[in-house]
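Coordinate inspection notes
Read off the chains here:
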Amino acid sequence: MIEVKNLEKSFGDSKVLKGITTTFETGKTNLIIGQSGSGKTVLLKSLLGIHTPDKGTISFDGRIYSDLTDDERRELRTEIGMVFQGSALFDSMTVEENVGFPLKMFTTKTPAEIKERVDIVIERVKLIDANHKKPSEISGGMQKRVAIARAIVNNPKYLFCDEPNSGLDPKTAIVIDNLIQEITQEYNITTVINTHDMNSVMEIGEKIVFLKQGILAWEGSKKDIFKTDNEAIVDFVYSSNLFKKIRKAQNKEEI
Amino acid sequence: MLIRYLSQIGKYFLMLKEVFNKPTKWSVMKGLIFKEIDDLVIDSLGIVAFISFFVGGVVSIQTALNLTNPLIPKYLIGFATRQSVILEFAPTFISVIMAGKMGSFITSSIGTMRVTEQIDALEVMGVNSLNYLVFPKIIALLLYPFVIGIAMFLGILGGWMAGVYGGFTSSVEFIQGLQSEFIPFHIAYAFIKTIVFAMILATIPSFHGYYMKGGALEVGKASTVAFVWTSVVIILANYILTQLLLAK
């Protein structure tokens, strides 16, 4: 579980995060949603240690990040898997080398053991015939699968995904969403996903944290969204006509 | 403006400190070093050989054409070619060319990794990205004096061929010039410069690539800026080292 307490972050005069307090639960897909500029990327980067918060604490299963020594932080980072928006695969490496990279860097496994683990993970994300291809030779959806495989290869406790669906067609996006959710439950990982894709919210939003102008404006599950009267989240979610219709239908069913 | 430059210089030295911090596992680093040797050193040999051979030839021809006084001995062609090639052409001129060739390669490859979040990916995994990316380049460029040695040899060979086969001097006279008033310290001076230039070539383009912000267009701009600054620093270092090592 990741606990965030009273997190604040400013860039110059602009206060981006204004006292965020929330928890991201283990074994669940936790989604951070909000409009562009609401502070969700800054929150994610603060969780990852890329940004240092001005105030507040982030604790990973009781370990407060700001209190850790450099060595302890490095150790903690090996427990983190990250799927970047653009996949961030290493161009000079093949799919297999990309996936095996964290094992090569941080474990004492032999090349044969690394190969065995890489094959298992590649099979898990359903990548076929891509082991020896370079990232530039595979599709966007396959690149996302490689990124997920690389993120989970070292059995992370925490998985972070930044806009995992960006640039994907709706069908592939749902496949990737479901894959992340399955992996989260299977490996009992604390997964935090930064997204503004409402399909993802409705598909895998077990816990949703909604940010508006740097403030936590609402939190709950995908089921709670249909019942809530919180204007901020209703405005955001039902900005799409499709979701307005779904909400209407849902409410009629309940009546 | 001045504060901005000073802050950049400070940032550069802080980067150098970080490059030697938290080393990457040797089994991984070994592969990276061999890859950089291939990309930076071996891949540069062709262009260095071509330029050195022909510029050596031009130096020889121009020296010959300027020796209009019959009292000046012809062996001066060999002497002038040797001095120009060993003291300036091979170490400095080739390094400025390499600032364009290697420098833009280093800046654009690291800059692209920055733009595509590959550097963030390394950092999030707990890898010291500066050590991972820059240290192998520094070690690979320890072989740079080998490239300059080849440039010296081919420059003089080009001078000899242009001088002898162009009918400007005889082989005996040219070789007499090469041996005349030879000061071994000049070779040491050239290689000391080369080591310093190698460090500049590895680190300044890396600095511009690593700290660049923006997209593809900015990668191109960073490569240009890196080339300009690498060349400027090489020329300044050349002046300072010459003053320190050769001036009496």
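The shown structure was predicted, so the numbers you read here are calculated from the model rather than taken from an experiment.

1. Looking at the domain arrangement of chain A
Residue and element names in this part refer to chain A. According to the domain assignment, chain A contains domain 1 (2–79 + 157–254) and domain 2 (92–155). On a C-alpha basis, the centroid separation for the pair domain 1 and domain 2 is 26 Å. Facing 17 residues of domain 1, the contacting portion of domain 2 comprises 13 residues. In terms of surface lost to domain 2, no three residues of domain 1 exceed Thr78, Leu179 and Tyr187, which account for 36% of the buried area on that side. At the boundary of domain 1 with domain 2, the tally comes to two salt bridges. Close ionic contact of Glu182 with Arg124 constitutes a salt bridge, the shortest N to O distance being 3.2 Å. At the surface where domain 1 touches domain 2, the tally comes to four residue pairs in polar contact (both at pLDDT 80 or more). Element by element, the count of residues in the side of domain 1 that touches domain 2 is highest for helix α6 (residues 170–187), at nine residues.

2. Things to note about helix α4 (residues 111–124) of chain A
Residue and element names in this part refer to chain A. With 14 residues, α4 should cover 20 Å at 1.5 Å per step; its first-to-last C-alpha distance of 20 Å lies within 8% of that length. For α4, every residue scored as buried is listed here: Ile114, Arg117, Val118, Val121, Ile122 and Arg124. Across the axial projection of α4, the buried residues extend over an arc of 150°, all falling on one side. With respect to the buried face of α4, the exposed residues turned more than 90 degrees away are Ala112, Glu116 and Glu123. Residues of α4 that are buried sit in contact with α3 (95–106), α5 (140–152) and α6. Two residues or fewer past α4, Lys126 is found with a positive phi of approximately 60°.

3. Things to note about empty space enclosed by the protein
Over the atoms, a rolled probe matching the size of one water molecule traces out where space is still vacant. One pass over the structure, following the stated rule, counts two cavities of 30 Å³ or more. In this structure, the largest cavity spans a volume of roughly 150 Å³. Ile80, Gly81, Pro102 and Arg150 of chain A together with Met125 of chain B are the residues nearest the centre of the largest cavity, which is lined by 16 residues in total. Among the secondary structure elements, those contributing two or more residues to the lining of the largest cavity are β6 (80–83), α3 and α5 of chain A together with α5 (118–125) of chain B. Of the residues contributing to the lining of the largest cavity, the split by class is 11 nonpolar, three polar and two charged. When its volume is computed, the second largest cavity comes out at roughly 40 Å³. Every residue lining the second largest cavity is listed: Leu44, Lys45, Leu48, Ile50, Met82, Phe84 and Asp162 of chain A together with Glu117 of chain B. In the lining of the second largest cavity, the residues fall into five nonpolar, no polar and three charged.

4. Looking at the sheet that holds strand β4 (residues 55–60) of chain A
Paired through backbone hydrogen bonds, the strands of a sheet run either parallel or antiparallel to each other. All names here are of chain A. Strand order in the open sheet made by the four strands is β2-β1-β4-β5, with antiparallel pairing throughout. What marks the edges here is a single partner per strand, and that holds for β2 (14–24) and β5 (63–64). The sheet contact formed by strand β1 (residues 2–11) and β4 spans five bridges and is antiparallel. Bridged to Glu8 within β4 is Lys55.

Definitions and cut-offs
- Residues numbered from 1 in each chain as written.
- Chains lettered and ligands numbered in written order.
- Predicted model: local features only at pLDDT ≥ 70, side-chain atom pairs only at ≥ 80, totals over all residues.
- Heavy atoms only, no water.
- Domains from an automatic or database assignment.
- Contact = heavy atoms within 4.5 Å.
- Buried area = accessible area lost by both parts, 1.4 Å probe.
- Salt bridge = Lys/Arg side-chain N within 4 Å of Asp/Glu carboxyl O.
- Polar contact = N/O pair within 3.5 Å; in protein donor to acceptor, adjacent residues only side chain to side chain.
- Helix = DSSP H or I, 4+ residues; strand = E, 2+ residues; numbered from the N terminus.
- Expected span 1.5 Å × (residues − 1).
- Buried < 20%, exposed > 50% of the residue type's maximum accessible area, 1.4 Å probe, protein only.
- Arc of directions from axis to C-beta.
- 1 Å grid on protein atoms, 1.4 Å probe; cavity = no way out; pocket = protein on both sides within 12 Å on 5 of 7 lines; lining within 4 Å.
- Points joined across faces, edges and corners; volume = space filled by probe spheres on them.
- Nonpolar A, V, L, I, M, F, W, Y, C, P; charged D, E, K, R; others polar.
- Pairing = 2+ DSSP bridges.

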